[in-house]
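# Survey of secondary and tertiary structure
Single-letter residue listing:
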Amino acid sequence: TDKIRRRFIKLMIYIGANKEKPLIFKNVQSYKRIKELNKAIPEMHFLRITRDTEQVAQSMLKAYHDLGYFYYSPVNKKAHSNISPAEFSVNHLLSIEKEIKDQLNKVPEENKTHLRYEEFCANSEEITEQFMEKVLGMESNDGNFIAKGIKLTASNRLKVSVEEANEIKTAIEKLIVHERI
């Protein structure tokens, strides 16, 4: 724990992060260490942004097609040889989501914020202002941080074939019926 804290503080100093210039750190692999990070750096705030499950599964499947493999999987790494890549992407995504949820359950409420991607895109200015004030303790009227008037839209474009998109939808529905979500 002390080693992690020292390494993190050293990184913060190196990049010059401070209250006026906060660090937002996104690392897909860090989800496995949330509990450990919280213990080592109790003042850390976790911002979790979730997106529509079908959209994320489609992105994962597209990445699989582009790369030829799935990135680290908490489920059996050989499992995708027994089921289709579309179904594996759903299982893989939901196992990651479960791990994140389990890890975040151990983090105090005041140290975490959960946002839905679609909501953020629809209300980005308001949500950013609230986050800055609540979490960073910064006035939201600082023009350096908020781009006024920029509207975001959540992309719902199809990232895979129609057949694969339908297979993803069916796999999600099947898991809902079996109460795995």
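Scroll up for the structure.
Because the structure is a prediction, the values reported are computed rather than measured.

Once that is clear, we can look at a nonpolar patch on the surface. Taken together, the side chains of Leu11, Tyr14 and Ile15 make up a nonpolar region of the molecular surface, amounting to roughly 320 Å² of accessible area. For isoleucine 15, the location among the structural elements is in helix α1 (residues 2-15). We classify isoleucine 15 as partly exposed; its relative accessible area is 32%.

This part covers the nonpolar core. Counting residues in each nonpolar core, the largest one holds 16 residues, and the members touching the most others are Ala57, Leu61, Val90 and Ile168. Mapped by element, the contributors of at least two residues to this core are α3 (53-67), α4 (85-104) and α7 (162-177). Every residue in contact with leucine 61, bar those within four places of it in the chain, is listed here: Pro85, Ala86, Ser89, Val160, Glu164 and Ile168. Formed by 15 residues, the second largest nonpolar core is a distinct cluster that contains Phe8, Tyr31, Ile41 and Val107.

This brings us to the side chain of serine 124. Inspection of the secondary structure assignment puts serine 124 in helix α6 (residues 124-136). Residue classification places serine 124 among the buried positions, given a relative accessible area of 10%. Setting aside chain neighbours within four positions, we find serine 124 in contact with Ile150 and Leu152.

Along strand β1 (residues 46-50), the buried face is formed by Phe46, Arg48 and Thr50; none of Leu47 and Ile49, which line the opposite face, is buried. The pairing of β1 with strand β2 (residues 112-116) spans five bridges and is classified as parallel. For phenylalanine 46, the partnering residue across the bridge sits in β2 and is lysine 112.

Within the fold, glutamate 119 resides in helix α5 (residues 117-122). Spatially, the C-alpha atom of glutamate 119 lies 9.9 Å from that of isoleucine 49, the residues being 70 residues apart in sequence.

A separate point is α1. Under the 1.5 Å per step criterion, the end-to-end length of α1 is 20 Å for 14 residues, consistent within 8% with the ideal 20 Å. Within α1, burial applies to Ile4, Phe8 and Met12. Relative to the axis of α1, the buried residues are bounded by an arc of 70° and lie together on one face. Facing away from the buried surface of α1 by more than 90 degrees, the exposed residues are Asp2, Lys3, Arg6, Arg7, Lys10, Ile13 and Tyr14. Structurally, α1 contributes buried residues whose contacts are with α2 (34-40).

This part takes up the packing of α3 against α4. Where α3 meets α4, the closest approach of the two axes is 9 Å, and the angle between their N-to-C directions is 120°. By the angle class used here, α3 and α4 are oblique. For the crossing formed where α3 meets α4, the hand is right-handed. Counting all contacts with α3, which are made through Thr53, Val56, Ala57, Met60, Leu61 and Tyr64, the residues of α4 involved are Pro85, Ala86, Ser89, Val90, His92, Leu93 and Leu94. Per-class residue counts for the contact of α3 with α4 are 10 nonpolar, three polar and no charged.

This brings us to the packing of α3 against α7. Contact geometry for α3 and α7: axes closest at 10 Å, N-to-C directions at 130°. For the element pair α3 / α7, the angle class is oblique. Of the two elements, α3 crosses α7, and the hand of that crossing is right-handed. Each of Thr53, Glu54, Ala57, Gln58, Leu61 and His65 in α3 lies in contact with α7, whose residues at this interface are Glu164, Ala165, Ile168, Lys169 and Ile172.

About the criteria used
Residues numbered from 1 in each chain as written. Predicted model: local features only at pLDDT ≥ 70, side-chain atom pairs only at ≥ 80, totals over all residues. Heavy atoms only, no water. Patch = residues over 30% accessible without salt bridge, like charges linked within 9 Å, V, L, I, M, F, W, Y side chains within 5 Å. Areas by Shrake-Rupley, 256 points an atom, 1.4 Å probe, with all protein chains shown as cover. Salt bridge = Lys/Arg side-chain N within 4 Å of Asp/Glu carboxyl O. Helix = DSSP H or I, 4+ residues; strand = E, 2+ residues; numbered from the N terminus. Buried < 20%, exposed > 50% of the residue type's maximum accessible area, 1.4 Å probe, protein only. Core = buried A, V, L, I, M, F, W, Y, C linked by side-chain atoms within 4.5 Å. Contact = heavy atoms within 4.5 Å. Pairing = 2+ DSSP bridges. Expected span 1.5 Å × (residues − 1). Arc of directions from axis to C-beta. Axes fitted to C-alpha atoms, helices over the stretch in contact; angles between N-to-C directions. Parallel < 35°, antiparallel > 145°, perpendicular 65-115°, else oblique. Left-handed = near helix turned anticlockwise from the far one by under 90°. Nonpolar A, V, L, I, M, F, W, Y, C, P; charged D, E, K, R; others polar.

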